[in-house]
Amino acid sequence: MQIQDYINAGRIASEVRENARKKNHIGSTLFEICESIEKEIIQKGGKCAFPVNTSLNEVAAHYTAEPNDQKVIKETDLLKIDLGVQINGYIADTAVTICHDPKFDFLIQAAETALKEAMSVIKAGTKSSDVGKTIENTVKQMGCIPIVNLSGHSLERYTIHAGKSVPNIWSIGSFSFLPTEAYACEPFVTTREGLGFVREGNTRNIFSLVTRKRTKDPETDKLVDYIWEKFNMLPFALRWLVPTWEEKKARDLVEKLVKSKVVRSYPVLIEANGERVAQAEHTFIPQEKGITITTI
Ligand code: MN
Ligand code: MN
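Conventions and cut-offs
- Residues numbered from 1 in each chain as written.
- Chains lettered and ligands numbered in written order.
- Predicted model: local features only at pLDDT ≥ 70, side-chain atom pairs only at ≥ 80, totals over all residues.
- Heavy atoms only, no water.
- Helix = DSSP H or I, 4+ residues; strand = E, 2+ residues; numbered from the N terminus.
- Expected span 1.5 Å × (residues − 1).
- Buried < 20%, exposed > 50% of the residue type's maximum accessible area, 1.4 Å probe, protein only.
- Contact = heavy atoms within 4.5 Å.
- Polar contact = N/O pair within 3.5 Å; in protein donor to acceptor, adjacent residues only side chain to side chain.
- Pairing = 2+ DSSP bridges.
- Donors = N, O, S within 2.8 Å, 3.2 Å for Na, K, Ca; no water.
- Core = buried A, V, L, I, M, F, W, Y, C linked by side-chain atoms within 4.5 Å.
- Domains from an automatic or database assignment.
- Salt bridge = Lys/Arg side-chain N within 4 Å of Asp/Glu carboxyl O.

Undergrad: So what's going on with helix H1 (residues 3–22)? Which residues, and what values?
TA: Since one α-helical turn is 3.6 residues long, residues separated by three or four positions face the same way. Look at H1: 29 Å from first C-alpha to last across 20 residues, which is about the 28 Å you get at 1.5 Å a residue. Buried within H1 are the following residues: Asp5, Tyr6, Ala9, Gly10, Ile12, Ala13, Ser14, Val16, Arg17 and Ala20. Packed against the buried residues of H1 are helix H2 (30–43), strand S3 (79–87), strand S4 (90–98), strand S6 (152–155), strand S8 (182–185) and strand S14 (282–286).

As structure tokens, then:
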């Protein structure tokens with residue numbers, strides 16, 4: 001494990017996240033927000049570990065701007081900015097929820113407080129079920145409910161979801177946190193009117209390579225080589241192909257690759273009762289006493 005790369009990626013991710021938190025996004029398009037954050041990551045010497053996610057309101061996760069996405073942020077929008085930075089494949093994954101209308105502060109506070117509480121109970125050897133219990137209790141005490149089918153995850157080099165789930169509720173089946181591994185913890189919370197789980201929506205605008213298997217079509221093979229070279233097996237957006245391919249062409253080729261299962265697409269995840277969702281996220285490495293939060 002390259003601790004220094006994790007630390008450096010985390011520092012960039014946290015600076016970029018804090019700049020996004022401070023900014024007034026009203027009137028900006030999702031395209032502008034994604035592109036400016038991704039540009040900032042690169043200017044600071046990192047690479048994007050995945051397209052910046054800008055999921056709005058009842059969309060909990062997995063929305064990134066379409067090429068030229070003209071959706072504009074309104075005062076009442078609850079905007080989750082989830083960003084990833086990688087250095088040599090070592091990833092920092094962090095998120096902040098922004099709303100310019102104080103009416104939704106309670107949701108943001110519940111997510112932030114649950115994350116903070118979770119961070120305070122973890123050290124090497126802590127059981128993941130205890131972290132889930134801490135998050136669930138905190139969120140409920142604050143008058144909200146956790147999203148049960150979204151969770152944090154272990155991280156590996158060039159792999160965002162490396163197999164272990166860091167739960168947001170008390171759950172059976174548990175692992176102990178290792179000091180040799182990095183993890184992301186990410187409470188998602190909704191209102192008491194929510195059902196507390198997400199379902200898949202129809203929009204899919206984040207993709208990743210599944211295999212480098214040849215397709216027998218020189219055009220799609222060229223795209224597979226490009227994706228592998230630029231993004232490895234990490235997620236990418238159509239936006240990222242558009243400087244090289246014309247938008248319609250990029251769409252057609254990616255669709256072909258999804259059909260042939262060379263590329264996977266990620267559906268947006270929507271609160272099942274259409275209630276608003278807030279999220280907070282940090283990446284951390286457990287220690288014998290406490291943890292190192294790389295994205296603090
Ligand atoms: Mn994230
Ligand atoms: Mn994550």
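Once the structure has been displayed, the description carries forward.
Undergrad: Account for the side chain of Thr94, naming residues and giving values.
TA: On the secondary structure map, Thr94 appears in strand S4. At a separation of 2.8 Å, a polar atom in the side chain of Thr94 contacts the side chain of Arg17. There is a polar contact of 2.7 Å between the side chain of Thr94 and the backbone oxygen of Glu281. Each residue touching Thr94, except ones within four places of it in the same chain, is listed here: Ala13, Arg17, Ile81, Asp82, Leu83, Glu281, His282 and Thr295.

Undergrad: Could you give an account of the environment of Ile3, naming the residues involved and the relevant values?
TA: Here Ile3 shows up in helix H1. In sequence terms Ile3 and Ile285 are 282 residues apart; their C-alpha atoms lie 8.8 Å from each other.

Undergrad: Tell me about the pairing of S6, residues and numbers included.
TA: Sheet analysis places S6 next to strand S7 (residues 165–166), joined by 2 bridges and oriented antiparallel. Looking at S7, one finds that Gly152 is bridged to Val166. Of the pairings in the sheet, the one linking S6 to S8 comprises 3 bridges and is antiparallel in character. Bridging across to S8, Ser154 finds its partner in Tyr183.

Undergrad: Residue-level account of the coordination of the manganese ion (ligand 1), with values.
TA: At the metal site, the manganese ion (ligand 1) is ligated by Asp82 (OD), Asp82 (OD), Asp93 (OD) and Glu281 (OE), and these contacts range over 2.1 to 2.4 Å. Between the donor residues of the manganese ion (ligand 1), the gaps in sequence give the motif D-x10-D-x187-E. The distance between the manganese ion (ligand 1) and the manganese ion (ligand 2) comes to 3.2 Å, and Asp93 binds to both of them. A residue pair is termed long-range when its members are at least 10 positions apart, and Asp82 in strand S3 and Glu281 in the loop between strand S13 (277–279) and S14 qualify at 199 residues.

Undergrad: Can you lay out the sheet that holds strand S11 (residues 236–237) for me, pointing to particular residues and giving the numbers?
TA: Sheet architecture is open: 4 strands sit in the order S2-S12-S10-S11, paired in antiparallel fashion. Looking at strand neighbours, the two that pair on one side only are strand S2 (59–61) and S11, the edges of this open sheet. Here 2 bridges tie strand S10 (residues 198–209) to S11, and the two strands are oriented antiparallel to one another. Opposite Phe207, over in S11, you have Phe236 as the bridge partner.

Undergrad: Explain the side chain of His153 residue by residue, including any values.
TA: Tracing the backbone shows His153 in strand S6. There is a polar contact of 2.7 Å between the side chain of His153 and the backbone oxygen of Ile160. Setting aside anything within four residues of it in sequence, one finds His153 in contact with Asp93, Ile160, His161, Lys164, Ser165, Val166, Tyr183, Ala184, Glu186 and Glu281.

Undergrad: Could you give an account of the nonpolar core, with specific residues and numbers?
TA: A general trend in soluble globular proteins is that nonpolar side chains are found buried together. Ranked by size, the top nonpolar core spans 45 residues in total, and within it Ile37, Ile81, Leu83 and Leu241 carry the most contacts. When residues of this core are assigned to domains, at least three fall in each of domain 1 (3–199 + 270–293) and domain 2 (207–267). Aside from chain neighbours lying at most four places away, what touches Leu241 is Leu223, Tyr226, Ile227, Phe231, Phe236, Ala250 and Val254.

Undergrad: Could you give an account of the pattern of salt bridges, with specific residues and numbers?
TA: A full pass over the atoms with the stated rule returns 17 salt bridges. One salt bridge in this structure joins Arg204 and Glu200, with 4.0 Å as the shortest N-O distance. You can call Arg204 partly exposed: its relative accessible area is 39%. Each of Arg17, Glu18, Arg21 and Glu112 takes part in a single network of salt bridges with overlapping partners.

Undergrad: Let's hear about the sheet that holds strand S9 (residues 188–190): which residues, and what values?
TA: Spatially, 3 strands are ordered S5-S9-S13 in an open sheet, and the strand pairing comes out antiparallel. Every other strand in the sheet has two partners, leaving strand S5 (145–146) and S13 as the edge strands with one partner each. Of the pairings in the sheet, the one linking S5 to S9 comprises 2 bridges and is antiparallel in character. Along S9, the bridge assignment pairs Ile145 with Thr190.

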